[in-house]
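A structural walkthrough
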Number of protein chains: 2
Amino acid sequence: MNRRDFTLSCLGTLAAASLGGVAPQALAAGASGQRPAANSLPAGTKASTSGKPHIAFVLYEGMTALDLIGPAEVLAGEQFDVDFVWYDKEVVYAESRANKRLGLMPTATFAEIEQTNILCVPGTSNPYKQLERTEMIDWVARIGAKADWVTSVCTGSFILGAAGLLKGYKATSHWGVLQDLRYFGAEPVVDRVVHDRNRVTGAGVTSGIDFGLLLLSLLTDEQTARGKQLVLEYDPHPPFSSGSPKLASPALLEAVRGGYMDYLQAVAPNSRSQLQALASNLGIKHP
Amino acid sequence: MNRRDFTLSCLGTLAAASLGGVAPQALAAGASGQRPAANSLPAGTKASTSGKPHIAFVLYEGMTALDLIGPAEVLAGEQFDVDFVWYDKEVVYAESRANKRLGLMPTATFAEIEQTNILCVPGTSNPYKQLERTEMIDWVARIGAKADWVTSVCTGSFILGAAGLLKGYKATSHWGVLQDLRYFGAEPVVDRVVHDRNRVTGAGVTSGIDFGLLLLSLLTDEQTARGKQLVLEYDPHPPFSSGSPKLASPALLEAVRGGYMDYLQAVAPNSRSQLQALASNLGIKHP
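A short tour of the structure in this document, coming up. None of the values given here were measured: they were computed from a predicted structure.

**With respect to the overall build of chain A**
Regarding its fold elements, chain A presents nine helices and eleven strands. The long-range share in chain A, meaning contacts at least 24 apart out of those at least 6 apart in sequence, stands at 69%. When the accessible surface of chain A is summed, it comes to about 9500 Å², and 50% of that surface belongs to carbon and sulfur atoms.

Below, the structure written as structure tokens:
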């Protein structure tokens with residue numbers, strides 16, 4: 001192993017010596033026969049300008065920042081061409097928290113990205129609201145249909161689902177809303193990361209890091225992913241053990257679940273009928 | 001437990017019913033006798049405008065985004081008043097990765113924040129470069145000296161150290177540079193999160209999540225932190241086991257460490273003499 005073969009983060013961004021070797025392996029693994037390999041993307045598409053596999057992270061108002069930054073930190077590096085995509089290049093505010101909101105800057109617009117190798121959609125507390133964003137969902141549907149990998153973290157899977165990209169696939173989401181994936185024709189799976197053909201979905205928020213490492217190994221190789229894990233010092237030792245419904249006490253689970261249900265009722269009272277309408281559009285019988 | 005007592009993220013931002021109870025407990029735990037409690041901050045300081053404990057995350061060009069967003073996602077919520085602070089309110093670009101950089105928007109300027117309850121500094125791949133940013137370090141020193149909690153993630157501890165805030169404290173940092181904390185008069189500790197009096201420091205990048213949960217429990221209570229862990233679904237299952245020097249294979253460790261040393265030599269050739277000069281300024285004998 002060459003000591004320069006790692007792209008470091010927090011510990012330095014190094015040029016990987018042999019970048020060319022990454023792309024064919026990455027795309028062969030995920031692509032169905034019809035999908036274009038990175039080096040065969042039509043000239044003029046955003047993804048082809050650098051010659052590297054292109055990753056498009058979707059930004060949107062109200063997304064959960066850590067859903068995005070977890071995998072972005074794992075996947076961003078010399079071997080990929082990464083964009084953060086939104087309607088325009090104005091600041092996008094992540095989820096509102098108290099009186100302050102974190103603003104993130106897009107690097108490309110939906111109009112600029114006609115194709116990508118890896119599509120990744122982060123989640124949000126209120127996934128039902130996103131289902132009304134038909135322009136974003138249309139773009140996700142169009143780009144996702146020809147992407148080599150179609151991925152999400154947390155409730156980003158709702159956006160993939162609404163775009164019709166999870167029909168017939170196993171997928172996951174945040175535990176609080178996982179079962180609603182059935183409305184999109186997906187098979188909900190209780191797991192931190194779910195990989196079914198060229199779909200890779202992560203569970204709630206922090207699972208984006210586990211998701212990112214698995215996806216990186218699929219796009220490159222296991223040793224590269226292990227190296228990135230070491231760079232990111234991902235040897236987690238949570239001070240408490242309550243990070244999933246099966247670990248939390250019944251009282252804690254009820255408090256968090258109940259609080260979320262109250263919240264959803266307040267912000268998305270029509271979520272059930274929205275989902276039913278979407279399912280109907282996708283030709284899915286009411287689950 | 002009231003079901004509304006949780007501030008959700010990805011699963012909704014709920015108003016915590018009894019916010020007032022948080023501040024005194026939080027600040028009693030961390031403050032030395034001289035430090036002001038949140039409710040006694042002088043009028044006119046940024047921190048006092050909302051009546052909630054104030055958290056100041058320092059933004060700076062070249063920082064590692066996940067160092068910031070990990071703890072920010074854990075700590076941001078209805079019970080705190082959170083700012084992201086930089087010289088001005090123009091976009092700040094996180095670490096450069098290939099040809100794209102993620103831009104983050106500050107919510108406050110150094111000049112606007114005269115005092116904070118909780119200071120948190122994220123890290124970067126090139127912590128030695130930050131040591132030249134005397135204006136930022138002077139602000140960190142001034143604010144940190146009167147903060148209730150002085151904290152960092154990853155190599156953010158170098159900035160605290162350069163500001164003289166770790167002298168005589170146990171602290172941690174990314175494994176790749178941990179031992180250099182001695183130059184600041186700190187005692188380097190190999191641990192994911194280190195809590196010594198009112199200093200709390202996290203190790204590399206992803207440790208910011210463990211750090212955030214521990215800090216949240218210190219600022220509020222264990223049950224609140226457990227609830228946030230469940231909301232963020234922090235039940236990590238890394239697909240590989242190579243997240244620390246003791247877990248990585250010798251070949252992987254050598255490759256990553258060697259690559260970083262090459263990188264540092266390229267970007268910070270004078271780091272050793274810089275550290276020696278700082279140590280001398282802080283009255284610390286060359287470690």
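**A word on the packing of helix 6 (residues 207–219) of chain B against helix 7 (residues 222–231) of chain B**
Residues and elements named next belong to chain B. Viewed as axis vectors pointing N to C, helix 6 and helix 7 meet at an angle of 145°, and their least axial separation amounts to 7 Å. The interaxial crossing formed by helix 6 with helix 7 has right-handed handedness. Where helix 6 approaches helix 7, its residues Leu213, Leu216 and Ser217 are matched on the opposing element by Glu222, Thr224, Ala225, Lys228 and Gln229. Grouping the constituent residues of the contact of helix 6 with helix 7 by class yields three nonpolar, three polar and two charged.

**Observations concerning the interface of chain A and chain B**
At the interface, 96 residues of chain A touch 96 residues of chain B. Where chain A abuts chain B, roughly 8000 Å² becomes buried across the two surfaces, and 64% of that area is made up of carbon and sulfur atoms. Among the ionic pairs, B:Asp235 bridges to A:Lys246, the shortest N-O distance being 3.3 Å. Linking chain A to chain B there are 40 residue pairs in polar contact (both at pLDDT 80 or more).

**Some details on the pattern of salt bridges**
Residues and elements named next belong to chain B. Taken as a whole and assessed by the stated rule, the structure comprises twelve salt bridges over all chains. Here Glu112 makes a salt bridge to Lys89, at a shortest N to O gap of 3.1 Å. One end of the pair, Glu112, is in the loop between strand 5 (108–109) and strand 6 (118–121); the other, Lys89, is in the loop between strand 2 (81–86) and strand 3 (92–93), and 23 residues separate them in sequence. Of the charged contacts, one joins Asp180 and Arg272 as a salt bridge, the two residues approaching to 2.9 Å between their closest N and O atoms. With Asp180 in the loop between strand 8 (170–171) and strand 9 (187–188) and Arg272 in helix 9 (residues 271–281), this pair connects stretches of sequence that are 92 residues apart. For Arg272, a relative accessible area of 38% gives the class partly exposed.

**Examining the pairing of strand 1 (residues 54–58) of chain B**
Residues and elements named next belong to chain B. Taken across its five residues, strand 1 has five buried, putting it largely inside the fold. Neither face of strand 1 is left uncovered, since the one carrying His54, Ala56 and Val58 and the one carrying Ile55 and Phe57 both have all their residues buried. As judged from the five bridges shared by strand 1 and strand 2, these two strands associate in the parallel manner. Note that in strand 2 the partner of Val58 across the bridge is Val85. In the classification by handedness, the crossover that spans strand 1, the intervening helix 2 (residues 65–75) and the parallel strand 2 is right-handed. Here three bridges tie strand 1 to strand 6, and the two strands are oriented parallel to one another. Its bridge partner lying in strand 6, Ile55 is registered against Ile118.

**A short note on the relation of the copies chain A and chain B**
Superposing chain A onto chain B requires a rotation of 180° together with a translation of 0.0 Å along the rotation axis, leaving an RMSD of 0.0 Å. Between the two chains, the operation in question is that of a two-fold axis. Proximity to the rotation axis, assessed at the C-alpha, singles out A:Leu104 in chain A; its C-alpha lies 2.3 Å from the axis. Interface overlap between copies is the fraction of interface residues in one copy that are interface residues in the other; for chain A against chain B it reaches 100%, indicating a shared surface.

Definitions and limits used
- Residues numbered from 1 in each chain as written.
- Chains lettered and ligands numbered in written order.
- Predicted model: local features only at pLDDT ≥ 70, side-chain atom pairs only at ≥ 80, totals over all residues.
- Heavy atoms only, no water.
- Helix = DSSP H or I, 4+ residues; strand = E, 2+ residues; numbered from the N terminus.
- Contact = heavy atoms within 4.5 Å.
- Areas by Shrake-Rupley, 256 points an atom, 1.4 Å probe, with all protein chains shown as cover.
- Axes fitted to C-alpha atoms, helices over the stretch in contact; angles between N-to-C directions.
- Left-handed = near helix turned anticlockwise from the far one by under 90°.
- Nonpolar A, V, L, I, M, F, W, Y, C, P; charged D, E, K, R; others polar.
- Buried area = accessible area lost by both parts, 1.4 Å probe.
- Salt bridge = Lys/Arg side-chain N within 4 Å of Asp/Glu carboxyl O.
- Polar contact = N/O pair within 3.5 Å; in protein donor to acceptor, adjacent residues only side chain to side chain.
- Buried < 20%, exposed > 50% of the residue type's maximum accessible area, 1.4 Å probe, protein only.
- Pairing = 2+ DSSP bridges.
- Right-handed = clockwise from strand over helix to strand, strands pointing away.
- Least-squares fit on C-alpha atoms with pLDDT ≥ 70 in both.

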